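Summary of structural features
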Amino acid sequence: MREKDVFCKIIDGEIPCYKIYEDEEVLAFLDISQVTKGHTLVVPKKHYDNFLATPQDVMHKVMDVAQRIGQVSIRLLGAKGVNILTNCYKEAGQSVMHFHVHVIPRYGDDEGLRLEFKDKKVDQLSLPVLAKDISNELK
Ligand code: 5GP
């Protein structure tokens, strides 16, 4: 049997958390690391390894709760922006292998947190083929 991950333990009440939302399928609680004030995790109660492995209906329910918490971050906490993000697999920074969405309120002076997309020099001529390959795979 698969060893329980930390979020399964939180869902089963074996580890405490600061809960902020719960329904039959979704739980949301404060991230222990609080990279910014109000940093929250939204998880499905049923275990799926990550976003890519989660059925669409469950994913939609998790994202719906994440959206509402993002809206509350602006309305209640005074955040000026919000990052909604989810990491899939270790190489992308996933450390807990249970699908979770981070809701990270942004205040403009968020010391210690930097999400940056740097332009890389790519061969622009390769992009049409790349786009076509991915597009074909989606069909
Ligand atoms: P990941 O790196 O997998 O996207 O994010 C995992 C997150 O889970 C981290 O931000 C980490 O702080 C959080 N986390 C890990 N263990 C616990 C815990 O026991 N309680 C809570 N509330 N958050 C946790």
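Residues numbered from 1 in each chain as written. Predicted model: local features only at pLDDT ≥ 70, side-chain atom pairs only at ≥ 80, totals over all residues. Heavy atoms only, no water.

1. Remarks on the site of the ligand
Threshold: Throughout, the term near means that a residue has one or more heavy atoms lying within 4 Å of the molecule or strand in question. Under this definition, polar contacts are N or O atom pairs within 3.5 Å; protein pairs additionally need one hydrogen-donor-capable and one acceptor-capable atom, and for neighbouring residues in sequence, both atoms have to be side-chain atoms. Starting at the N terminus, helices and strands are each numbered in turn, a helix being any DSSP run of H or I of at least four residues and a strand any DSSP run of E of at least two.
Among the 16 residues in the neighbourhood of the ligand, the closest are listed as D31, N87, G93, S95 and H102. Between the ligand and the protein, one listed contact pairs a nitrogen atom with a backbone N or O atom of L30 at 2.9 Å. Here the element with the most residues in the shell around the ligand is helix α1 (residues 6–11); it accounts for three residues.

2. A few points about the side chain of H100
Applicable threshold: When checking whether two residues touch, look at their non-hydrogen atoms; a contact exists if any pair is within 4.5 Å.
With respect to the secondary-structure elements, H100 resides in the loop between β4 (81–85) and β5 (101–106). Among the polar contacts made by the side chain of H100, one reaches the main-chain carbonyl oxygen of H98 at a distance of 2.6 Å. Excluding residues that lie within four positions of it along the chain, H100 makes contacts with F7, L41, V42, V43, L85, T86 and Q94.

3. Topic: the sheet that holds β5
In plain terms, the rule: Pairing between two strands requires that DSSP report at least two bridges joining them. Axis lines are fitted through C-alpha atoms, for helices just across the contact stretch, and the angle between N-to-C directions can take any value from 0 to 180 degrees.
The five strands lie next to each other as β1-β2-β3-β5-β4, forming an open sheet whose pairing is antiparallel. The open sheet terminates on both sides in strands that have one partner only, identified here as β1 (19–22) and β4. The sheet shows a mean angle of 15° between the axes of neighbouring strands, taken without regard to direction.

4. Here's the deal with the nonpolar core
To be explicit about the condition: By nonpolar core is meant a set of buried Ala, Val, Leu, Ile, Met, Phe, Trp, Tyr and Cys residues that side-chain atoms within 4.5 Å join together. Exposure categories follow from relative accessible area, calculated using a 1.4 Å probe and restricted to protein chains: below 20% of the type maximum is buried, above 50% is exposed, and the middle band is partly exposed.
By size, the foremost hydrophobic cluster in this structure holds eleven residues: V26, A28, V42, M59, V62, V65, A66, I69, F99, V101 and V103. Those elements that provide at least two residues to this core are β2 (26–30), α2 (56–75) and β5. Among the nonpolar cores identified, the runner-up in size contains seven residues, and F7, I10, L27 and L41 belong to it.

5. Concerning the pairing of β1
Here β1 runs beside β2; their pairing, made up of three bridges, is antiparallel. When the sheet's bridge partners are listed, K19 is paired in β2 with F29. The antiparallel pairing of β1 with β2 creates a hairpin that spans three residues between the two strands.

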